[in-house]
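Chains, contacts and geometry: an overview
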Amino acid sequence: MKVCVVGTGYVGLTTGVSLAFLGHQVTCVDLDQQKVDMLNGGRCPIYEPGMDDLLAEAAPNLTFTTSYTDAVPGADVVFVAVQTPSAPDGSPDLRYLRSAAESVAQNLDHSFTVVVNKSTVPIGSGNWVDAILRESFAQRAERPAGCEFSVASNPEFLREGNAIHDTLFPDRIVIGSDNPRSLEVLNQLYRPIINQTFTAPSFSPRPDDIGAVPLVSTDLASAELIKYAANAFLALKISYANEIGQLAAKVGADITEVTRGMGLDQRIGSRFLQAGVGWGGSCFGKDTRALIATAAEYNYSMPIVQAAREVNERQRLIAVERLQDELRILKGRKIGLLGIAFKPNTDDLRDSPSLDIANLLLARGARVRLHDPIAGERFRREQPALAPYLSESLDDLFDDCDAVVLVTEWAQYLELDWSKFVGLMRTPILLDGRHVLDADRMARLGYKYLAIAG
Ligand code: UGA
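Residues numbered from 1 in each chain as written. Predicted model: local features only at pLDDT ≥ 70, side-chain atom pairs only at ≥ 80, totals over all residues. Heavy atoms only, no water.

**A look at the overall build of the protein**
Put simply, the rule reads: Secondary structure elements are defined from DSSP: runs of H or I of at least 4 residues count as helices, runs of E of at least 2 residues count as strands, and each element is numbered from the N terminus. Here the globule rule is a power law, 2.2 Å times the number of residues to the power 0.38, and the radius of gyration is based on C-alpha atoms. Burial status follows relative accessibility: with a 1.4 Å probe on protein chains alone, a residue under 20% of its type maximum counts as buried, one over 50% as exposed, and anything between as partly exposed. We call two residues in contact whenever any of their non-hydrogen atoms come within 4.5 Å of each other. Counted as positive: Lys and Arg. Counted as negative: Asp and Glu, with His and the chain ends omitted from the count. Each charge is placed at NZ for Lys, CZ for Arg, CG for Asp and CD for Glu.
A tally of helices and strands in the protein yields 19 helices and 13 strands. For a compact globule of 454 residues, the expected C-alpha radius of gyration is about 22 Å, and the protein comes in at 24 Å, within 12% of that figure. For the C-alpha atoms alone, the extent of the protein along its principal axes is close to 75 × 50 × 45 Å. In the protein, which comprises 454 residues, the proportion classed as buried is 52%. Long-range pairs, those at least 24 residues apart, make up 73% of the contacts in the protein between residues at least 6 apart in sequence. The distance from the centre of the 44 positive side-chain charges to the centre of the 57 negative ones in the protein is 4 Å.

**A few points about the pattern of salt bridges**
To keep things clear, this is the line we draw: Whenever a carboxyl oxygen of Asp or Glu lies within 4 Å of a side-chain nitrogen of Lys or Arg, that contact is scored as a salt bridge.
In this structure the tally under the stated criterion is 23 salt bridges. Between Asp402 and Arg333 there is a salt bridge, and its shortest N-O distance comes to 3.7 Å. Placement of the pair is Asp402 in the loop between helix H16 (394-398) and strand E11 (403-406) and Arg333 in the loop between helix H13 (303-327) and strand E9 (334-338), with a sequence separation of 69 residues. Owing to a relative accessible area of 0%, Asp402 belongs among the buried residues under this scheme. Asp402 serves as the salt-bridge partner of Arg426, at 3.1 Å between the closest nitrogen and oxygen.

**Describing the domain arrangement of the protein**
Put simply, the rule reads: Domain extents, as shown, originate in an automatic or database domain assignment. Throughout, the accessible surface (probe 1.4 Å) given up by two parts as they are put together, summed over both, is called the buried area.
One can read the domain layout of the protein as domain 1 (2-210) and domain 2 (219-454). On a C-alpha basis, the centroid separation for the pair domain 1 and domain 2 is 32 Å. Counting from both sides, the interface comprises 36 residues of domain 1 and, opposite them, 27 residues of domain 2. Across the domain 1 to domain 2 interface the summed buried area is about 2,500 Å²; carbon plus sulfur atoms make up 57%. Counting across the interface, domain 1 meets domain 2 through one salt bridge. The closest approach of N and O atoms between Arg350 and Glu160, which form a salt bridge, is 3.6 Å.

**Side note on helix H1 (residues 10-21)**
Worth spelling out the cut-off: Helix span, expected: 1.5 Å multiplied by one less than the number of residues in the helix.
Over its 12 residues, H1 extends 16 Å from the first C-alpha to the last, a length consistent with the 16 Å expected when each residue adds 1.5 Å. In terms of burial, H1 is largely enclosed, as 11 of its 12 residues are buried. Among the residues of H1, Tyr10, Gly12, Leu13, Thr14, Thr15, Gly16, Val17, Ser18, Leu19, Ala20 and Phe21 are the ones counted as buried. Following H1 by one or two positions, Gly23 has its phi on the positive side, about 110°.

**Considering unusual backbone geometry**
Phi angles above zero are rare outside glycine, and Asn345 is one such case at about 70°. Along the chain, Asn345 falls in the loop between E9 and helix H14 (353-363). A positive phi is found at His435, a non-glycine position, where the angle reads about 55°. Position of His435 among the secondary structure elements: in the loop between strand E12 (429-432) and helix H19 (439-444).

**A look at the environment of Thr66**
Inspection of the secondary structure puts Thr66 in the loop between strand E3 (62-65) and helix H4 (68-71). When its relative accessible area of 28% is taken as the criterion, Thr66 is described as partly exposed. Spatially, the C-alpha atoms of Thr66 and Asp37 are 9.4 Å apart, while their sequence positions differ by 29 residues. When near neighbours in sequence (up to four residues on either side) are disregarded, Thr66 contacts Val29, Asp30, Leu31, Asp32, Gln33 and Val36.

**With respect to the nonpolar core**
Basically, it comes down to this: Nonpolar cores were defined as sets of buried Ala, Val, Leu, Ile, Met, Phe, Trp, Tyr and Cys residues, with membership established by side-chain atoms within 4.5 Å.
Membership of the largest hydrophobic core comes to 48 residues, with the highest contact counts inside it found for Ile335, Leu337, Leu338, Leu361, Phe398, Trp418 and Tyr447. Of all the elements in the fold, those that place two or more residues in this core are H13, E9, H14, strand E10 (367-371), H16, E11, helix H18 (418-422) and E12. A total of five residues in this core trace back to one element, the largest contributor, which is H13. If sequence neighbours within four positions are ignored, Ile335 has contacts with Leu323, Leu327, Leu330, Leu361, Ala366, Arg367, Val368, Arg369, Cys401, Ala403 and Val405. Among the nonpolar cores identified, the runner-up in size contains 41 residues, and Leu55, Ala152, Ile175 and Leu183 belong to it.

**Examining the site of the ligand**
Definition in use: Proximity is defined per residue: any heavy atom of the residue falling within 4 Å of a molecule or strand makes that residue near it. In protein, a polar contact means a hydrogen-donor-capable atom and an acceptor-capable atom, both N or O and within 3.5 Å, with residues adjacent in sequence counting only if both atoms are side-chain atoms; elsewhere, any N or O pair within 3.5 Å suffices. With residues, only the protein chains shown are counted as cover, and all accessible areas are computed by Shrake-Rupley using a 1.4 Å probe. Classification convention: Asp, Glu, Lys, Arg as charged; Ala, Val, Leu, Ile, Met, Phe, Trp, Tyr, Cys, Pro as nonpolar; all other residues, Gly among them, as polar.
Contacts to the ligand come from 21 residues, most closely from Phe157, Leu158, Glu160, Lys227 and Asn231. One of the backbone nitrogen or oxygen atoms of Phe157 is found 2.6 Å away from an oxygen atom of the ligand. Contact distances for the ligand include 2.7 Å between an oxygen atom and a backbone N or O atom of Leu158. Computed on the free molecule, the ligand has an accessible area of 710 Å², of which 91% lies beneath the protein chains in the complex. Of all the elements in the fold, those that place two or more residues in the shell around the ligand are helix H10 (220-251) and helix H12 (284-297). Per-class residue counts for the shell around the ligand are 10 nonpolar, four polar and seven charged.

**Details of the packing of H12 against H13**
We count it as follows: For every element, the axis is a line fit to its C-alpha atoms; helices are fit only across the contacting stretch, and the angle between N-to-C directions ranges from 0 to 180 degrees. We call a crossing left-handed when the near helix sits turned anticlockwise from the far one by less than a right angle, and right-handed when that turn is clockwise.
Packing of H12 against H13 brings their axes to within 10 Å, and their N-to-C directions diverge by 145°. Crossing of H12 against H13: the hand is left-handed. Touching Gly285, Thr288, Arg289, Leu291 and Ile292 of H12 are Val305, Gln306 and Arg309, all from H13. Looking at the contact of H12 with H13 residue by residue, the class counts come to three nonpolar, three polar and two charged.

**So, the pairing of E11**
Inclusion rule: DSSP bridges decide pairing: two strands pair if at least two such bridges lie between them.
Here E11 shows two buried faces, one formed by Ala403 and Val405 and the other by Val404 and Leu406. Here E9 pairs with E11 via four bridges, running parallel. Bridge pairing links Gly336 to Val404 in E11. As paired strands, E11 and E12 are joined by four bridges and run parallel to one another. Across the sheet, residue Leu406 finds its bridge partner in E12, namely Asp432.

What follows is the structure, given as structure tokens:
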């Protein structure tokens, strides 16, 4: 099939590259010329494991352009995957979506094109985009005869750092439209994934236990709500583990044992129960906020989602208070933060717990150093106010440090030769912000091991 993808952020790029890898003819359009040049040169502008390799394998079926005119005409499916940042009141800013829809409408010429909302958009956006498309199409001086189009929603569930695996081997595919023809086109598009008929790339092997991928083919509003409901549920699952974690600390229980015991119940499941400094990233914060904002439009409150947000915010403060309880005085203390990215295997810093913890510590007079195996360069670019506190080396971070906090559980930190650094510290306090280090081992090495819960 002929596919156009508008926007080459995490979602758009992964969608475009994966569909081209599966054999579809894909053109990705992005207004950023520099990004397009990079991608046409086979270089990936984001840090995502395996993406460079997939880009190379998909290259024969894949083009990048800044021109809608090169990308939209003739497309069976147009994915719109532009950014939808939060406006100051928490509602998503839909400027980019509007302008993308207008540009798509100016270039539609095919007998039937499905225009798919792939960005996480507020519930009802399908109808909104449909109206913009029809308005802009009607304003065209020349409208191709027999040109039809319809809007669908196809929410994305990939995790950054696992984008390729999650796209090729998803738990499910959700498509929503009020037009059966659109659903049929998308069903065809995703056949190779649904039936798992493609040869898996060597760098992302097919899981042994994967069968046919379930397809949820539904109406527009349900597909849109599934995305928010799923993300909010994952966010509140983590917040629940963190809330129990603080109680565990008070009653003398071990939160990792508690969540293990809970997670083995298949109705609960063990994933997304990892207690620690809490969730960050571009999705959970934005989506829980948007869900609450949508509900408010209907004069409806969402206390569970609200509480998940509050608990998450509190975790960052708890990290600082654990240090304060231990050191008594934070003023003048040197605190090292290991990890700046919001989670491992990405250089994404959006809503990263590390940034908040750094700012809270600085506000209390501490001297802060931050280190990250990958995100340092992006940190310098995107966080100019914090950039002077970047440590290029672990020696620099640990040297004369009063406490170190493991904020992002990068493999490099888990596999660190911790014995090498303990002697560099002024006081060897180690706060494990993710409950991933072996407490006994760290104590044997000479660290005073602290956990967020406990
Ligand atoms: C999340 C969802 O998992 C994806 O399904 C969804 O497609 C994506 O948002 C999106 O809407 O675009 P992502 O934000 O990339 O994906 O990362 P996650 O792996 O979900 O992690 C989110 C945050 O939760 C990270 O800060 C992570 O450290 C934290 N986390 C995760 C925990 O604190 N505990 C856990 O047990 C799991």
